[in-house]
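# Observations on chain architecture
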Amino acid sequence: MVVELDWENLGFSYHKLPYRYVSHFKDGKWDEGELTENATLTISESSPALHYGQQAFEGLKAYRTKDGSIQLFRPDKNAERLQNTADRLLMPQVPTDKFVEACKAVVRANHEYVPPYGTGGTLYIRPLLIGVGNVIGVHPADEYIFTVFAMPVGSYFKGGLTPTNFIVSKDFDRAAPYGTGAAKVGGNYAASLLPGKKAKAAGFSDVIYLDPATHSKIEEVGAANFFGITADNKFVTPLSPSILPSITKYSLLELAETRLGMKAIEGDVPIDQLDRFVEAGACGTAAVISPIGGIQYQDKLHVFYSETEVGPVTRRLYDELVGIQFGDVEAPEGWVVKID
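It should be emphasised that the depicted structure is a prediction, and the values quoted were computed from it without experimental measurement.

Before going further, it helps to examine the pairing of strand 9 (residues 164-168). The side chains of a regular strand alternate, residue by residue, between the two faces of the sheet. Strand 9 sits mainly inside the fold: 4 of its 5 residues count as buried. Bridge count between strand 9 and strand 16 (residues 288-297): 4 bridges; the pairing is parallel. Residue pairing in the sheet places Ile-167 in a bridge with Gln-296 of strand 16. Summarising the sheet, strand 9 and strand 10 (residues 207-210) pair through 2 bridges and their orientation is parallel. Within strand 10, the position partnered with Ile-167 by the bridge is Val-207.

On to the nonpolar core. With 34 residues, the main nonpolar core has Phe-99, Val-107, Leu-123, Ile-125, Leu-129, Phe-146 and Val-148 as its most contacted residues. Put simply, the parts of the chain that give this core at least two residues each are strand 1 (20-26), strand 5 (60-64), strand 6 (70-73), helix 2 (75-88), helix 3 (96-109), strand 7 (122-132) and strand 8 (143-153). Here this core takes 6 residues from helix 3, the largest share from any one element. Among the nonpolar cores identified, the runner-up in size contains 23 residues, and Tyr-63, Met-262, Val-310 and Val-322 belong to it.

This next bit is on the packing of helix 5 (residues 247-258) against helix 6 (residues 312-325). For the pair helix 5 and helix 6, interaxial distance at closest approach is 10 Å and the crossing angle is 115°. When the interaxial angle is binned, helix 5 and helix 6 end up roughly perpendicular. The two elements helix 5 and helix 6 meet at a crossing, and its hand is right-handed. Between helix 5 and helix 6, the contacting residues are Thr-248, Ser-251, Leu-252, Leu-255 and Ala-256 on the first element and Leu-317, Glu-320, Leu-321 and Ile-324 on the second. The residue makeup of the contact of helix 5 with helix 6, split by class, is 6 nonpolar, 2 polar and 1 charged.

Parameters at a glance
Residues numbered from 1 in each chain as written. Predicted model: local features only at pLDDT ≥ 70, side-chain atom pairs only at ≥ 80, totals over all residues. Heavy atoms only, no water. Buried < 20%, exposed > 50% of the residue type's maximum accessible area, 1.4 Å probe, protein only. Helix = DSSP H or I, 4+ residues; strand = E, 2+ residues; numbered from the N terminus. Pairing = 2+ DSSP bridges. Core = buried A, V, L, I, M, F, W, Y, C linked by side-chain atoms within 4.5 Å. Axes fitted to C-alpha atoms, helices over the stretch in contact; angles between N-to-C directions. Parallel < 35°, antiparallel > 145°, perpendicular 65-115°, else oblique. Left-handed = near helix turned anticlockwise from the far one by under 90°. Contact = heavy atoms within 4.5 Å. Nonpolar A, V, L, I, M, F, W, Y, C, P; charged D, E, K, R; others polar.

Structure (structure tokens):
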């Protein structure tokens, strides 16, 4: 490798890499798209992405395997989720083949920046879809930009697979009951900045959001999905129309059932029934799995397995998933896409 980076201590921050992919939608169709060294997007000041939030994004990773090759983890699912988000915001879909090939092209062009196997680092890939053009009324754009860029990253949460504590948000909701909670749009994340800042100031990693309709059920953990492990070997995760459908979560649901022999349940998770869980965690592409040591709710810290040690089931799930992503564990059919 020709790149000089501290692979073991990357953190989760932006790095400007040499190449990214850009494609334009105009006159009802996408162009072929191309790789470019220009990291700046030039758009109209009246673009709907800037005024009305007509924008969506995705996040996935490229992994260096033991033999030095590179692979993606379930990119077709990211393409599908971006398509669902595009439908919700009246944007044109990016076809799955175009999405996957764009990601592969960016990884190939920046392959020196995929961290070496064994460092724990990955190449984080950020596809972005925005409405642009000269629009000032509240209506969809006629033109769009689809771009994909990437950067090497380490652990999202400082300390990696280490339990941390979270606090239930009393004053904020992540999304409206029938809003854009299930879509990966920037507005959902903008809404989470203030409660997240307050939680960190109080000594917690982030907030636990309850369902916006009744405030009685767990929905999300900051920008990640929640899961709990019961004493009778069940993997439980919330189901709600305002939760972002995490590709990591659905992968864990399948692995818990098929590889660990657990009963996988997607359903209501009442906040007043935390005692049913012996382990808990947050999961998502950026964080993978973040063990939850405890949840602060109504002036009481409910501790699960431990505030300092990772639970055995959480550890097994993490090892299975990460093993698949880095090529050390056999993947279910279709989960891995090699970069040729």
